[in-house]
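# Geometric and topological summary
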Amino acid sequence: MNPINNEVYALCQCDHYNFDALQKHFITNFAAKLIGNVVQLKWNDGDVFIFGYGVVVFWQVADEQSNTLLAALEGFAEQKLDMLLDDEFTFAAGTAQLSLKNDHIGLPTDDISTRLAISHGIAQSTELAQYEMRVQNTISSTEYIP
């Protein structure tokens with residue numbers, strides 16, 4: 001991942017987080033709030049959305065800053081993944097309509113609810129890639145069985 005100003009970065013870190021402990025910790029110690037079932041965190045100049053199913057989505061957060069947060073999240077990670085799956089996008093605000101093309105997101109408005117909605121889709125896509133990888137590993141490890 002590159003520290004681009006208008007970058008969105010998603011990472012599937014584990015199978016799931018100990019979400020009750022995670023939300024209490026971040027809401028108590030950081031500028032965080034619970035929006036539905038997602039912890040939204042102001043992290044330096046960017047936004048971070050933490051999903052209980054092990055995915056984190058960063059908006060405008062540089063590498064070293066995201067690495068610091070990911071290290072903090074490891075303490076809440078359950079069943080850490082051997083191979084981390086990630087996805088990267090760029091985005092621009094003020095477009096005529098919402099769009100996603102060639103890993104670039106166009107946002108008509110750049111508010112927190114729009115970022116959250118897009119983050120849900122990105123997080124679910126990243127989680128799905130994790131499941132696909134598990135299925136492929138299972139198929140590979142059992143292909144010798146007739």
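An account of the accompanying structure is given in this report. Every value quoted in this text rests on a predicted model; they were computed, and no experiment measured them.

Rules of the game
Residues numbered from 1 in each chain as written. Predicted model: local features only at pLDDT ≥ 70, side-chain atom pairs only at ≥ 80, totals over all residues. Heavy atoms only, no water. Salt bridge = Lys/Arg side-chain N within 4 Å of Asp/Glu carboxyl O. Buried < 20%, exposed > 50% of the residue type's maximum accessible area, 1.4 Å probe, protein only. Pairing = 2+ DSSP bridges. Helix = DSSP H or I, 4+ residues; strand = E, 2+ residues; numbered from the N terminus. Core = buried A, V, L, I, M, F, W, Y, C linked by side-chain atoms within 4.5 Å. Contact = heavy atoms within 4.5 Å. Axes fitted to C-alpha atoms, helices over the stretch in contact; angles between N-to-C directions. Phe/Tyr/Trp six-rings, centres within 6.5 Å; stacked < 30°, edge-to-face > 60°.

## Concerning the pattern of salt bridges
Two side chains that carry opposite charge are able to pair once their charged atoms sit near each other. As enumerated under the stated definition, the model contains three salt bridges in all. Here R115 and D110 are joined by a salt bridge, their closest N and O atoms 2.7 Å apart. In this structure D110 comes out as partly exposed when scored by relative accessible area, which is 37%. A single network of salt bridges, built from pairs that share partners, joins K42, D47, D110 and R115.

## Focus: the pairing of strand β8 (residues 104-107)
With four bridges connecting them, strand β6 (residues 77-93) and β8 associate as parallel partners. Bridging from a neighbouring strand, A92 pairs with G106 of β8. The pairing of strand β7 (residues 99-101) with β8 spans three bridges and is antiparallel. Across the sheet, S99 pairs through a bridge with G106, a residue of β8. Here β7 hands over to β8 after two residues, with N102 in that stretch at a positive phi of 50°.

## Here's the deal with unusual backbone geometry
Outside of glycine, negative phi angles account for most residues, and trans bonds account for most peptide bonds. The phi dihedral of Q60 falls on the positive side, at around 60°, and the residue is not glycine. Relative to the helices and strands, Q60 resides in the loop between β5 (55-59) and α2 (63-73).

## Describing the nonpolar core
Within the largest apolar cluster, 21 residues are counted, with the highest numbers of intra-cluster contacts made by Y17, L22, F26, V48, I50 and L73. Looking at this core, the elements that each hand over two or more residues are β1 (7-17), α1 (19-29), β3 (38-43), β4 (46-51), β5 and α2. Considering each element in turn, this core owes the most residues, four residues, to β1. The residues contacting V48, other than those within four sequence positions of it, are V39, Q40, L41, W43, V56, V57, F58, V61 and L69.

## Focus: the sheet that holds β3
In any sheet, the strands associate via hydrogen bonds between backbone groups, in a parallel or an antiparallel arrangement. Spatially, eight strands are ordered β2-β3-β4-β5-β1-β6-β8-β7 in an open sheet, and the strand pairing comes out mixed. Each edge of the open sheet is held by one strand with a lone partner, namely β2 (32-35) and β7. For this sheet, the mean angle separating the axes of adjacent strands, direction not counted, is 25°.

## Re the packing of aromatic side chains
On inspection of all chains with the given rule, the structure shows six aromatic pairs. Seen in terms of ring centroids, F51 and Y53 are 5.6 Å apart; in terms of plane orientation they differ by 35°. Their pairing is tilted. The buried category is assigned to F51, whose relative accessible area is 1%. Centre to centre, the rings of W59 and F91 are 4.9 Å apart; their planes meet at 70°, and the pair counts as edge-to-face.

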